[in-house]
Amino acid sequence: MEIGLTHYLVLGAVLFGLGLFAMISRRNAILVLMGIELILNAANINLVAFSRYNGLGVDGQVVSIFVIILAVAEAAIALGIVLNLYNNFATVDIDEANTMKD
Amino acid sequence: MPYTTILFYALALIIVVSAVMVVFNKNVVHSAFSLFFTLFAISGIYVLLKADFIALTQIMVYVGGILILLIFGVMMTTKVTNVELKTKNLNTIPSLVFSIGIVTVIIFIIFSTKWNIRMGLDSEETVTQIGIMLLSKYLLPFEIASIVLLVALIGSAMFARRIKD
């Protein structure tokens, strides 16, 4: 059976679901970040697959480059926040960090 | 069976299995190293989709940058020699049901939509086209992305700084 567009879309959907589960259920802030990375990768797979199967050129690939750029910025900022959280609360458990002022 | 089919299923298997290990592993460091395999196999998927530039960018940026950053984060915020490394899950059953529900809806939509598939030209190299696109049609987002990166650089340096009392 030839691999078509739907195969890639289903792969992206499964990856999105796993990332969503990680974002909702894990308590470690870094694992939540990993869930976000999985979701962004799922979106990128969809973009590149659409770019391949619509015959309109490389627009989807250019948009996926922007997604990668934003993922880098997000990871840097979020890790700065997580390090700050660790300095203030001595934990990265996002349930423990429930005060705005110590 | 053409070899691309075998390759796709092998890569998809690696992606899904290691993503499941990322999500369900109790040890944070193991999750980070499973994410390594996921990102590498996704780069292989891009090669199958004939997006060579995106595949290389994926390896350089995700595997070489973001993953190293995440492992730094794990190392700096957990006591590696301690039992602290293990984390618990929260509301596993409701979030599992929610995620599976959303994925089911998405897959139902994928299979019930009639996609308008047209194959483009295969032989052209994508790097040239992407460069032309970035400097013509997508020039404004490209410039804004550079500003976003600068702001993220300054902001994360400010966040991560230790404030002296």
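Everything numeric here is computed off the predicted structure, so don't read it as measured data. (Residues numbered from 1 in each chain as written. Chains lettered and ligands numbered in written order. Predicted model: local features only at pLDDT ≥ 70, side-chain atom pairs only at ≥ 80, totals over all residues.)

### A few points about the overall build of chain A
To keep it simple, the criterion reads: A run of DSSP states H or I qualifies as a helix once it reaches four residues; a run of E qualifies as a strand once it reaches two. Both are numbered from the N-terminal end. For the radius of gyration, the atoms used are the C-alpha atoms, and the globule rule reads 2.2 Å times the number of residues raised to 0.38. Here the C-beta atoms are placed from the backbone, and a residue counts as buried if at least 20 other C-beta atoms lie within 10 Å of its own, exposed if 12 or fewer do, and partly exposed otherwise. The contact criterion used here is simple: two residues whose C-beta atoms, placed from the backbone, lie within 7 Å are in contact.
A count of helices and strands for chain A gives 3 helices and 0 strands. Counted from the first residue to the last, chain A has its helices and strands arranged as α-α-α. Computed over C-alpha atoms, the radius of gyration of chain A comes to 17 Å, more than 25% over the 13 Å expected from 2.2 N^0.38 for 102 residues, which places it beyond the range of a compact globule. Expressed as a percentage of its 102 residues, the buried residues of chain A come to 53%. For chain A, restricting intrachain contacts to residue pairs at least 6 apart in sequence, the fraction spanning at least 24 positions comes to 44%.

### Looking at the overall build of chain B
Summing up its helical and strand segments, chain B has 6 helices and 0 strands in all. Tracing chain B from N to C terminus, the helices and strands come up as α-α-α-α-α-α. The 165 residues of chain B split such that 24% are buried. Within chain B, contacts between residues at least 6 apart in sequence are counted, and of these 56% link residues at least 24 apart.

### Here's the deal with unusual backbone geometry
All names here are of chain B. Its identity as a non-glycine residue notwithstanding, lysine 50 has a phi of 60°, on the positive side. Checked against the element boundaries, lysine 50 lands in the loop between α2 (28-48) and α3 (52-77). Residue lysine 50 is classed as partly exposed on the basis of its C-beta count, with 18 C-beta atoms lying within 10 Å.

### Examining the interface of chain B and chain A
As a reminder, the rule being used: Under the scheme applied here, ten amino acids are nonpolar (Ala, Val, Leu, Ile, Met, Phe, Trp, Tyr, Cys and Pro), four are charged (Asp, Glu, Lys and Arg), and all others, including Gly, are polar.
Each partner contributes residues to the interface: chain B has 69 residues there, and chain A has 61 residues. Of all the secondary-structure elements, those providing two or more residues to the side of chain B that touches chain A are α1 (3-24), α2, α3, α4 (92-112), α5 (126-135) and α6 (139-160) of chain B. Among the residues making up the side of chain B that touches chain A, the classes are represented as 47 nonpolar, 18 polar and 4 charged.

### Things to note about the nonpolar core
Where a protein is soluble and globular, its nonpolar side chains tend to be buried together. As a reminder, the rule being used: To define a nonpolar core, we join buried Ala, Val, Leu, Ile, Met, Phe, Trp, Tyr and Cys residues through C-beta atoms within 7 Å and take the resulting set.
Core analysis: the largest hydrophobic core is formed by 64 residues, its most contacted members being A:Leu15, A:Ile30, A:Met34, A:Leu38 and A:Ile45. Among the elements that line this core, the one with the most residues is helix α2 (residues 29-53) of chain A, at 15 residues. Among all residues touching A:Leu38, those that are not within four sequence positions of it are A:Leu15, A:Leu18, A:Gly19, A:Ala22, B:Ala19 and B:Val22.

### Thoughts on the packing of α1(B) against α2(B)
Residues and elements named next belong to chain B. Defined as follows: For helices, the fitted line uses only the C-alpha atoms of the stretch in contact; every axis is such a line through C-alpha atoms, and the angle between N-to-C directions lies from 0 to 180 degrees. Angles below 35 degrees are treated as roughly parallel, those above 145 as roughly antiparallel, those between 65 and 115 as roughly perpendicular, and all remaining angles as oblique. Each crossing gets its hand from how the near helix is turned against the far one by less than a right angle, where anticlockwise is left-handed and clockwise is right-handed.
One way to put it is that α1 packs onto α2 with a least axis distance of 8 Å and a crossing angle of 155°. Considering their axes alone, α1 and α2 lie roughly antiparallel with respect to each other. In the packing of α1 onto α2, the handedness of the crossing is left-handed. Along the contact surface, α1 presents Thr4, Leu7, Phe8, Leu11, Ile14, Ile15, Ser18, Ala19, Met21 and Val22, while α2 presents Ser31, Ser34, Leu35, Phe37, Thr38, Ala41, Ile42, Gly44, Ile45 and Leu48.

### Details of the confidence of the model for chain A
Our working rule: A residue's pLDDT is simply how confident the predictor is in it, with values from 0 to 100.
Put simply, chain A has an average pLDDT of 88, and 97% of its residues get 70 or more. Looking across chain A, the model is least confident in helix α3 (residues 59-89) of chain A, with a mean pLDDT of 89, and most confident in helix α1 (residues 5-25) of chain A, with 93.

### Considering α3(A)
The line we're drawing: To estimate how far a helix should reach, multiply one less than its number of residues by 1.5 Å.
Under the 1.5 Å per step criterion, the end-to-end length of α3(A) is 44 Å for 31 residues, consistent within 8% with the ideal 45 Å. Once α3(A) ends, the next one or two residues include A:Ala90, with phi positive near 60°.

### Quick word on the environment of B:Ser18
All names here are of chain B. By secondary structure assignment, the location of serine 18 is in helix α1. A tally of 21 C-beta atoms within 10 Å means that serine 18 is categorised as buried. Every residue in contact with serine 18, bar those within four places of it in the chain, is listed here: Ser34, Phe37 and Thr38.

### Side note on the environment of A:Val72
The topology assignment puts A:Val72 in helix α3. Separated by 35 residues in sequence, A:Val72 and A:Glu37 have C-alpha atoms that sit 9.6 Å apart.

### As for the confidence of the model for chain B
Residues of chain B with pLDDT of at least 70 account for 88%, and the chain-wide mean is 86. As a predicted assembly, this complex carries a pTM of 0.89 together with an ipTM value of 0.89.

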